[in-house]
Amino acid sequence: DEATRRRLEEALRRNQETRPADQPSIELTADNKLVVRGSSANEDIRVERRGDQIHASIRDIRDPSRVLERSFAAKDVKSADIDGGDGNDLIHNGTRQTRGVDNATIRLSGSAGNDVNAVFSNGNNVTVEGGNSSSTNVVMYGDESKVVSSRGRDSIAVVGNDAQIRGDRDDVVVMTGRNNQAG
């Protein structure tokens, strides 16, 4: 309802005003998009379905005691925008046993350095956008997936149908399923 929408927008505005720069964040926007932002640290970012909840966490790989976790009702999460930020990140949208969020965009920001990123996704209509990483490993389960790789030697494996992969000549691409395209 309208009052709930206003409360969510106000909470989001307060969160954005008080969150220091380069701090990880997890939030659900008024339009039901789960927004997960990593920092410049090396992080393990996970989004997965647990029963009727979508659970998101960001854990600092070098200091595992530094973790940010939030859960939301799965019925309230319609899409996701996951950005690893700089650093060497592991990003999971689901696991082999559990679904992640469908209609998700995973961005690998990277920096001009030698970042190495790894992405695992189990969801339909998921897009992975490569950044400036020197190498990215991507494993995707689900239909209608898209991978747009950037510079670097990327390894991309897709299990599903109707996938589209845009990479360069240094990438290694393996796909199984129907109507998949690489170029």
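Computed from a predicted model, the values in this text were never measured in an experiment.

**Student:** Please set out the overall build of the protein residue by residue, giving values where relevant.
**Tutor:** When helices and strands are tallied, the protein shows one helix and 16 strands. Within the protein, buried positions represent 42% of all 183 residues. A fraction of 33% describes how many contacts in the protein between residues 6 or more apart in sequence connect residues 24 or more apart. Of the roughly 9500 Å² that the protein leaves accessible, carbon and sulfur atoms contribute 45%.

**Student:** Describe the environment of L90, listing the residues and the values that go with them.
**Tutor:** Within the secondary structure layout, L90 lies in strand β7 (residues 90–93). With 44 residues separating them along the chain, L90 and R46 place their C-alpha atoms 8.2 Å apart. Residues contacting L90, with those up to four places away along its chain left out, are E43, D44, I45, I61 and A118.

**Student:** So what's going on with the nonpolar core? Residues and values would help.
**Tutor:** Of all hydrophobic cores here, the largest spans 29 residues; its most connected members are L34, V36, V47, I82 and V128. Among the elements that line this core, the one with the most residues is strand β4 (residues 53–60), at three residues. Among all residues touching V128, those that are not within four sequence positions of it are I106, L108, V119, V138, M140, K146, V147 and V148.

**Student:** I'd love a proper account of the pairing of strand β3 (residues 43–50), names of residues and values included.
**Tutor:** Taken together, the eight bridges between β3 and β4 define a ladder with antiparallel strand orientation. When the bridges of β4 are listed, R50 appears paired with Q53. Counting the residues that bridge the hairpin from β3 to β4 gives two residues, and of these G51 lies at a positive phi of roughly 65 degrees. Bridging between β3 and β7 involves four bridges; their strand directions are parallel. Looking across to β7, one finds that D44 is bridged to L90.

**Student:** Go over the side chain of N93 with me, naming the residues and quoting the values.
**Tutor:** Relative to the elements of secondary structure, N93 occurs in strand β7. By relative accessible area, N93 is classed as buried at 0%. A distance of 3.2 Å separates a polar atom in the side chain of N93 from a polar atom in the side chain of S121. If we ignore the near neighbours within four places in the chain, the residues touching N93 are V47, G100, V101, A104, I106, F120, S121, N122 and V126.

**Student:** Which residues make up unusual backbone geometry, and what values do they have?
**Tutor:** For N125, which is not glycine, the phi dihedral falls at a positive 55 degrees. Inspection of the secondary structure assignment puts N125 in the loop between β9 (116–122) and β10 (127–129). The backbone of N179 shows a phi angle near 60 degrees, a positive value even though the residue is not glycine. Take N179: it is sitting in the loop between β15 (172–176) and β16 (181–182).

**Student:** Break down the pattern of salt bridges for me, with residues and values.
**Tutor:** According to the stated counting rule, one finds five salt bridges in the structure shown. Put simply, R37 and D81 hold a salt bridge, and the shortest N to O gap is 3.3 Å. Remark: D81 occurs in strand β6 (residues 79–83) and R37 occurs in strand β2 (residues 33–37); sequence separation between them is 44 residues. The exposure class assigned to R37 is partly exposed, which follows from its relative accessible area of 26%. Given a relative accessible area of 10%, D81 falls into the buried group.

**Student:** I'd love a proper account of empty space enclosed by the protein, names of residues and values included.
**Tutor:** For the structure on display, the rule yields one cavity of 30 Å³ or more. In this model, the largest cavity occupies a volume close to 40 Å³. As for the largest cavity, its lining consists of L108, V128, G130, T136, V138, V147, V148, S149, D154 and I156. When residues of the lining of the largest cavity are traced back to their parent elements, those giving at least two are β11 (135–141) and β12 (146–148). Here the lining of the largest cavity is built from residues that sort into six nonpolar, three polar and one charged.

Scoring rules and cut-offs
Note that residues are indexed from 1 along each chain, following the sequence as it is written. Local features in this predicted model are restricted to residues of pLDDT 70 or higher, and side-chain atom pairs are both shown and tallied only at a pLDDT of 80 or more, whereas totals for entire chains, interfaces and linings draw on every residue. Think of the side-chain values as coming from all heavy atoms in the structure, minus any hydrogens and water. A run of H or I in DSSP counts as a helix once it spans at least four residues, and a run of E counts as a strand once it spans at least two, with each numbered from the N terminus. In this scheme, a residue with accessible area under 20% of its type's maximum is buried, one over 50% is exposed, and one in between is partly exposed, where area comes from a 1.4 Å probe on protein chains only. Here, residues are in contact when the closest pair of their heavy atoms is within 4.5 Å. Residue-level accessible areas treat just the shown protein chains as cover; the underlying method is Shrake-Rupley with a 1.4 Å probe. The nonpolar core is taken to be a set of buried Ala, Val, Leu, Ile, Met, Phe, Trp, Tyr and Cys residues, with the residues joined through side-chain atoms within 4.5 Å. Two strands pair if DSSP finds at least two bridges between them. Polar contact is the term for a pair of N or O atoms within 3.5 Å; when the atoms are in protein, one must be able to donate a hydrogen and the other to accept it, and sequence-neighboring residues count only if both atoms are side-chain atoms. A side-chain nitrogen of Lys or Arg and a carboxyl oxygen of Asp or Glu constitute a salt bridge if their distance falls within 4 Å. Grid points spaced at 1 Å over the protein atoms alone were grouped into cavities, where a 1.4 Å probe fits but cannot get out, and pockets, open sets with protein on both sides within 12 Å along at least five of seven lines, with lining residues defined by an atom within 4 Å of a point. Grid points are joined across faces, edges and corners, and a volume is the space filled by probe spheres set on the points. All residues other than Ala, Val, Leu, Ile, Met, Phe, Trp, Tyr, Cys, Pro, Asp, Glu, Lys and Arg, Gly among them, are scored as polar; the first ten of these are nonpolar and the last four charged.

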